[in-house]
Amino acid sequence: MAANVRVRRPATPPPGLPHVAPSSHKYPPIRQDHLSADERREAASKGYGPGRRSHSPGGLSITSGEWKLLAVVLLIALGVRMFRISKPDSVVFDEVHFGKFAARYIKTRYFVDVHPPLAKLLITAAAFISGFNGDFDFKEIGKIFENAPYVAMRMVPATFGVATIPIAYLTLRALDCRATTALLASIFLTFENGLVTQSRHILLDSPLVFFTALTVFFFVGFSNEDKKEPFTNQWWTWLALTGLSLGAVVSCKWVGLFTIATVGVCTMLQLWLLLGDLRVSPRMWARHFFARAVCLILIPVLFYMIMFQLHFLILGSSGEGDAFMSSEFRQTLGRGMEDTYADVALGSDITIRHLNTQGGYLHSHSHNYPGGSGQQQVTLYPHRDDNNLWRVLNATVNNYEQYDYEHEPIVYIDHGSHIKLRHLVTDRGLHSHEVRPPVSDVDFQNEVSAYGMPGFIGDINDDWVVEIEKGDSSDKESGKRLRTLRTHFKLRHLNTGCYLFSHKVKLPEWGFDQQEVTCNKNAVKENSLWYVETATKHPQLSADAPKVNYKIPGFLSKFWELQQVMWTTNAGLTDRHMYDSRPLTWPRLRRGINFWVKDHRQIYLIGNPFVWWSSTASVITYMIVRGFLLLRAKRGYRDFDNTKVVKYDSLCGFLFVGYCMHYFPFFLMGRQLFLHHYFPALYFAILLNCAVFDLATSTLRPKIRLQIAAVLMIIAVITYSKFSSLAYGNPWTKQKCSNAQWVKTWDFACNEFFDDYSQYSGVTVPTLNRSTPMATIGGEPGGRAAIVVEDKLGEDGVVPPEDEQSTAVPIGVPEPGRDVFAKDEQKEIKSQMRILQDVPVNNVDEKEISAVTFEPTRATPEEGKEEVKVPAGGMSATGGSEGQARPEVIGILEKEIEVEPGENAEDHRKSHGPLDHEEAIADQVAHELYPEARDVE
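Worth saying up front: this structure is predicted, and the values here are computed from it rather than measured. For every chain, the first residue of the written sequence is number 1, and numbering continues from 1 onward in sequence order. In keeping with the model being predicted, local features are shown solely for residues with a pLDDT of at least 70 and side-chain atom pairs are shown and tallied solely at 80 or more, while totals for entire chains, interfaces and linings include all residues. Values reported for side chains reflect all heavy atoms of the structure, with hydrogen atoms and water molecules removed beforehand.

A.B. asks: Whenever I open this one, the state of the cysteines confuses me. Can you help?
C.D. replies: Covalent bonding between the sulfur atoms of two cysteines defines a disulfide. What counts as a disulfide here is a pair of cysteine sulfur atoms lying within 2.5 Å. Within the structure shown, the criterion is met by two disulfides. Each sulfur of the disulfide joining cysteine 498 and cysteine 519 lies 1.9 Å from the other. Handedness here is read from the sign of the S-S torsion; for cysteine 498 and cysteine 519, about 100 degrees, the answer is right-handed. Of this pair, cysteine 498 sits in the loop between β10 (488-493) and β11 (499-506) while cysteine 519 sits in strand β12 (residues 515-520), and the two are 21 residues apart along the sequence. For the pair cysteine 498 and cysteine 519, one class covers both residues: buried. Note on cysteine connectivity: cysteine 737 is disulfide-linked to cysteine 750, with sulfurs 2.0 Å apart. Comment: elements are numbered from the N terminus, with helices defined as DSSP H or I runs of at least four residues and strands as E runs of at least two. For each residue, the accessible area found with a 1.4 Å probe, counting protein chains only, is set against the maximum for its type, and the residue is called buried under 20%, exposed over 50%, and partly exposed in between.

This is the structure we're talking about:
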């Protein structure tokens, strides 16, 4: 049979061509970069089309042209973020806090913040390298920087903002999106006004978004390596980098926990799929599990703890945060307590501390309650002071004589001992009676006061019974009798049966904002426990009597205590803020945050509406399409057999999970929330937006796809430029500001801007003429903005018409449940104020809060608009917030104000924004305080 086989000779080449030797292989060799049939089938099941093996790290296949394009995008982002970063040269919004924290780090003074330290440490490092000595206090918004390298400090978040752009590009390329799609995402992030504004100031959200983006990029790279071949050097590198990035993101803000949750959900899905893969042995699955546990749990935890170790090493001195920490913790802050005597007996001089609230020492001072009994105040005071000293004496019920503790045998304080506590400085006894406290005015609470006089032995209402709750396990005697630092006890009032009690309720100003102390008949046990912190030497004790002191806590104890304090403080931020918002409003971009207003300019945090709304639309579109595909699958359709459907479902599903993990948990929070809390979720929404674009244009030719992307980029840039003045604090006009208010709840301070750009040339900050009598209405922090008026009366006593007006945005805390954007019905009004009499200026105590206060600026009024005629002598008045206007005063204004002929009454019914309301508040306060001025011509 072999003889019948005919061998074909190689074909003769055409004339003129060289002879090619035949290949030694019967079949062409298998190329190593091609996938086998089985590999192609497996790749198709996971959503990947036929192709070649990619040996690029993390599944990235970036051409040299793309790197050049990415460099251009990076330069553009650098220009957008760094443009005029030195302006304004005054404190903006939360720079009040984070700039102050940098100063505390440099001064090594301990403070407490609700955020972990990494981002603050990076900002501090830039300030320290630039020569900052920590003297500038960042006390209030609008304060001019002096001897503070604020530009270097602002460049830290700005640099992180710039670095986020290429990370987003590489992430989408690693997710197998086209270069056009990645470029679109980069441009969207570059020209997103909210991210630009937030990254240009000393704030923490820009580092947070960067590390969130970096974590996503590393995890995508690890996932690509895991699909290719696990447990290689590259596989371990990407996994470890993901863990380090997770540690960094949670070390900036606890919002990073949502990033950990995102990676955790995807990791559990990976392990679940591996568990169902019969080719993976249980031993191999265990290796996958432990590798991920070490890199994605242990490494982030260690990184997080190292940041706090640095925090403790730097903050080694006592500071404003001491009051939040336990006494043991304070021992490590340079304010250690000297050893004190362990035994407490009749005649001992002691200081008593509350156990639960850490409010401080049992304290009294020579100031009386304004109500109730009018006796001397007893409070909790957080600092060491001579007014914390009390002397332990025996009870004198039934005319029992005072014990001579100096000469008689020593009598220790046991469980059930009847005692009096005598305040050493004022010589008055700790006292309670059936009088309601001035603040907690309820039937089961009695007032606690200091009562008596020198030489007065006291009455039955001064007697207390010691009830020992527990002692220290290392000191057996502490459970039997009162021992310093070791015994926790309660004080029961002998006459009424109530317990000495304190809770986190502050007394008003007359109590110096100290913590309230009462005698509670229904006392919660935790708030009724006390302990003796110091005890001076008793006359009957020997010189070598045992002494005790606090145990110095180790790192783990300090770390855990600080986490508890941060959690409690964070949960307690429930007060309303003028610019807080709820999560439901964020995707709609319903309202922004006013950062700064000064010199006819404003910085207002508002997103790029086109980028923002299109991203929200993409999230909704994915939800609708995914639900529709699930319904089709239920009816037997096999959409998920399509490789394209599987690919984009995996891609968009991953980004959608990241969005949900960073957005929906905020609905569970009752604390203050602001628009910038949405930024990590916004990052995922923008990537999802571009992934939807990649799917929608997948069937188009590359040229058409690029043209569509170019149109979208141009729209984003145009929208960015329309609102850029609010991001940079640039000059703007009232007309452009009004035209940019696309949503009625965007409360820009349009009246702060000039009518024309030419008016900004040579503009200077107004300086008050001290020789002219001045009047200030408002201006309290957190209240309405200040309005300053001058006495401009001529010789004839007639008030000339004002050619300038004072404009400001109202500052007031909105009432809970009240729609601050609801328009109030107004009569047809014409504002006019008469001459006001000179009155002395009253000083108003300021209370520091984190809110923008506006300085008065002077602008030329527009034609056809109202003029406010406000001549006055030097006077001052203060008032409440917008929601606190008194109806009777409004009635006075309505009677005083009329509509001029020819004016449209309907225009007056419409809301004219913050300026008109502010002027009305100013008029109302003036009419209320100085009614006689209304009749002066």
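Having seen the structure, we can now continue with the description.
A.B. asks: Help me understand the packing of aromatic side chains in this model?
C.D. replies: For any two aromatic rings, the description comes down to two numbers: the centre-to-centre distance and the angle of the planes. Ring geometry is summarised as follows: Phe, Tyr and Trp rings, the Trp one being its six-membered ring, pair when their centres sit within 6.5 Å, and such pairs are stacked at plane angles under 30 degrees, edge-to-face over 60 and tilted between the two. Taken as a whole, this structure holds 60 aromatic pairs when the rule is applied. Considering the side-chain rings of tyrosine 663 and phenylalanine 667, the 5.3 Å spacing of their centres and the 80 degrees angle between planes classify their relative orientation as edge-to-face. Judged by its relative accessible area of 37%, phenylalanine 667 falls in the partly exposed class. Put simply, the rings of Phe258, Trp586, Trp612, Tyr659, Tyr663, Phe664, Phe666, Phe667, Tyr678 and Phe679 touch in pairs and so form one group of aromatic residues. Geometrically, a charge over a ring is one whose NZ (Lys) or CZ (Arg) sits within 6 Å of the ring centre while staying within 35 degrees of the ring normal. In this structure, arginine 287 packs its charged tip against the face of phenylalanine 231, placed 4.1 Å from the ring centre. When the ring centre of tyrosine 361 is taken as reference, the NZ or CZ atom of arginine 353 above it lies at 4.5 Å.

A.B. asks: Would you mind showing me how to read the nonpolar core here?
C.D. replies: Across soluble globular proteins, you tend to see nonpolar side chains buried next to one another. In this structure, Phe211, Phe595, Leu655, Tyr659 and Phe748 are the most contacted members of the largest nonpolar core, which totals 157 residues. Note on contacts: a residue pair is in contact if any heavy atoms of the two residues lie within 4.5 Å. Look past the residues within four positions of tyrosine 659 in its chain and what remains in contact with it is Pro587, Val619, Tyr678, Ala681, Phe684 and Ala685. The next biggest cluster of nonpolar side chains, apart from the first, holds 29 residues, and it includes Tyr369, Val378, Trp390 and Trp530. By convention a nonpolar core is built from buried Ala, Val, Leu, Ile, Met, Phe, Trp, Tyr and Cys residues, the set being connected through side-chain atoms within 4.5 Å.

A.B. asks: Can you help me understand the side chain of serine 615 in this one?
C.D. replies: Counting through the fold element by element, serine 615 comes out in helix α14 (residues 609-634). A relative accessible area of 0% places serine 615 in the buried class. By the criterion applied in these results, polar contacts are pairs of N or O atoms within 3.5 Å in which, for protein atoms, one can donate a hydrogen and the other can accept it, and in which residues neighboring in sequence qualify only through two side-chain atoms. Reaching out from serine 615, the side chain makes a polar contact with the backbone oxygen of valine 611 at a distance of 2.7 Å.

A.B. asks: Where do I start with the side chain of aspartate 462 in this structure?
C.D. replies: Inspection of the secondary structure puts aspartate 462 in the loop between β8 (445-451) and β9 (464-470). Among buried Asp, Glu, Lys and Arg side chains, aspartate 462 stands out as unpaired, with lysine 420 the closest opposite charge at 4.3 Å. Each residue touching aspartate 462, except ones within four places of it in the same chain, is listed here: Ile419, Lys420, Leu430, His431 and Tyr451. For this count, His and the chain ends are skipped, Lys and Arg are scored as positive, and Asp and Glu as negative. Whenever Lys or Arg places a side-chain nitrogen within 4 Å of a carboxyl oxygen from Asp or Glu, that contact is recorded as a salt bridge.

A.B. asks: Sorry if this is basic, but what is going on with unusual backbone geometry here?
C.D. replies: Note on backbone geometry: most residues besides glycine have negative phi, and most peptide bonds are trans. Residue proline 88 is reached from lysine 87 by a cis peptide bond, and omega for that bond is 0 degrees. Relative to the assigned elements, proline 88 resides in the loop between α2 (64-82) and α3 (95-107). Even without being a glycine, threonine 108 presents a positive backbone phi close to 60 degrees. Structurally, threonine 108 can be placed in the loop between α3 and α4 (118-129). A positive phi is found at asparagine 147, a non-glycine position, where the angle reads about 55 degrees. Structurally, the position occupied by asparagine 147 is in the loop between α4 and α5 (150-174). Using a relative accessible area of 72% as the deciding quantity, one classes asparagine 147 as exposed.

A.B. asks: Can you help me understand helix α16 (residues 679-696) in this one?
C.D. replies: Every α-helix winds through 3.6 residues per turn, so residues three or four apart in the chain are directed the same way. Helix length check: α16, at 18 residues, gives a terminal C-alpha distance of 25 Å against a target of 26 Å (1.5 Å per residue), a fit within 8%. For α16, a buried count of 15 out of 18 residues is recorded, marking the element as mostly surrounded by other parts of the structure. Here, expected helix span is obtained from the residue count minus one, scaled by 1.5 Å.

A.B. asks: Would you mind going over a nonpolar patch on the surface with me for this structure?
C.D. replies: Patches here: salt-bridge-free residues with over 30% relative accessible area, like charges joined within 9 Å, nonpolar side chains (Val, Leu, Ile, Met, Phe, Trp, Tyr) joined within 5 Å. Residue-level accessible areas treat just the shown protein chains as cover; the underlying method is Shrake-Rupley with a 1.4 Å probe. On the surface, Val294, Leu298, Leu302, Ile306, Leu310, Leu313 and Ile314 cluster together into a nonpolar patch covering about 600 Å² of accessible area. Checked against the element boundaries, leucine 298 lands in helix α11 (residues 282-314). When its relative accessible area of 43% is taken as the criterion, leucine 298 is described as partly exposed.

A.B. asks: Quick question: what am I supposed to make of the pairing of strand β2 (residues 349-354) here?
C.D. replies: Across a regular strand the side chains alternate sides, sitting on one face of the sheet and then on the other. Burial within β2 is extensive, with six of its six residues counted as buried. Burial along β2 is two-sided: Asp349, Thr351 and Arg353 and Ile350, Ile352 and His354, pointing in opposite directions, are all buried. As judged from the three bridges shared by β2 and strand β5 (residues 389-394), these two strands associate in the antiparallel manner. If you follow threonine 351 over to β5, its bridge partner there is leucine 389. Note on pairing: two strands pair once DSSP finds at least 2 bridges between them. One ladder, built from five bridges, connects β2 with strand β13 (residues 530-535); its direction is antiparallel. Residue pairing for β13: arginine 353 is matched across the bridge by tyrosine 531.

A.B. asks: Looking at this structure, I do not really get the pattern of salt bridges. What am I missing?
C.D. replies: When charged atoms on two side chains of opposite charge get close, those side chains can pair. Within the structure shown, the criterion is met by 29 salt bridges. With a closest N to O distance of 3.4 Å, glutamate 320 and arginine 104 form a salt bridge. With a gap of 216 residues between them, glutamate 320 in the loop between α11 and α12 (327-330) and arginine 104 in helix α3 connect regions that are remote in the sequence. Residue classification places arginine 104 among the buried positions, given a relative accessible area of 18%. Measuring nitrogen to oxygen at the nearest pair gives 2.7 Å for the salt bridge that ties aspartate 349 to arginine 391. Here the residue aspartate 349 occupies a position in strand β2, and arginine 391 occupies one in strand β5, the gap between them amounting to 42 residues. Taken together, the salt bridges that share partners define one network made up of Asp343, Asp475, Glu477, Arg481, Arg483 and Arg486.

A.B. asks: Where do I start with the environment of leucine 239 in this structure?
C.D. replies: Structurally, leucine 239 can be placed in helix α9 (residues 233-252). Each residue touching leucine 239, except ones within four places of it in the same chain, is listed here: Phe222, Ala291, Arg292, Cys295 and Leu296.

A.B. asks: Explain the confidence of the model for the protein chain here, please?
C.D. replies: Low pLDDT marks stretches whose predicted atomic positions should not be read closely. A residue's pLDDT is the predictor's confidence in that residue, given on a scale from 0 to 100. Per-residue pLDDT for the protein chain has a mean of 80; in total, 75% of the residues score no lower than 70. Confidence drops under pLDDT 50 across residues 765-918; counting only partners more than four residues distant or on other chains, this segment forms 294 contacts. Residue range residues 933-937 is modelled with pLDDT below 50. Its contacts to residues more than four positions away, or to other chains, number twelve contacts.

A.B. asks: Would you mind showing me how to read the packing of helix α15 (residues 643-663) against α16 here?
C.D. replies: Angle between the axes and distance between the axes: these two values describe a pair of packed helices. In contact at an axis separation of 8 Å, α15 and α16 are set at 165 degrees when each is read in the N-to-C sense. Between α15 and α16, the interaxial angle falls into the category roughly antiparallel. At the point where α15 passes α16, the crossing takes the left-handed sense. Contacts between α15 and α16 involve Lys644, Tyr648, Leu651, Cys652, Leu655, Phe656, Gly658, Tyr659, His662 and Tyr663 from the first element and Pro680, Ala681, Phe684, Ala685, Leu687, Leu688, Ala691, Asp694 and Leu695 from the second. The convention used is that axes are lines fitted to C-alpha atoms, helices contributing only their stretch in contact, and that angles between N-to-C directions extend from 0 to 180 degrees. Roughly parallel refers to an angle under 35 degrees, roughly antiparallel to one over 145, roughly perpendicular to one between 65 and 115, and oblique to any angle outside these ranges. When the near helix sits turned anticlockwise from the far one by under a right angle, the crossing is termed left-handed; a clockwise turn instead gives a right-handed crossing.

A.B. asks: Teacher, can you tell me more about the environment of leucine 74 here?
C.D. replies: Relative to the assigned elements, leucine 74 resides in helix α2. It is 7.9 Å that separates the C-alpha atoms of leucine 74 and alanine 163, two residues lying 89 residues apart in sequence. Ignoring any residue separated from it by four or fewer positions in sequence, one finds leucine 74 in contact with Val162 and Pro166.

A.B. asks: What should I look at first to understand the packing of α2 against helix α6 (residues 179-190) in this one?
C.D. replies: Contact geometry for α2 and α6: axes closest at 10 Å, N-to-C directions at 10 degrees. The angle between α2 and α6 falls in the class roughly parallel. Residue-level contacts link Glu66, Leu69, Val73, Ile76, Ala77, Val80 and Arg81 of α2 to Ala179, Leu183, Ser186, Leu189 and Thr190 of α6. Under the scheme applied, nonpolar residues are Ala, Val, Leu, Ile, Met, Phe, Trp, Tyr, Cys and Pro; charged residues are Asp, Glu, Lys and Arg; polar residues are all the others, including Gly. Considered class by class, the residues forming the contact of α2 with α6 number eight nonpolar, two polar and two charged.

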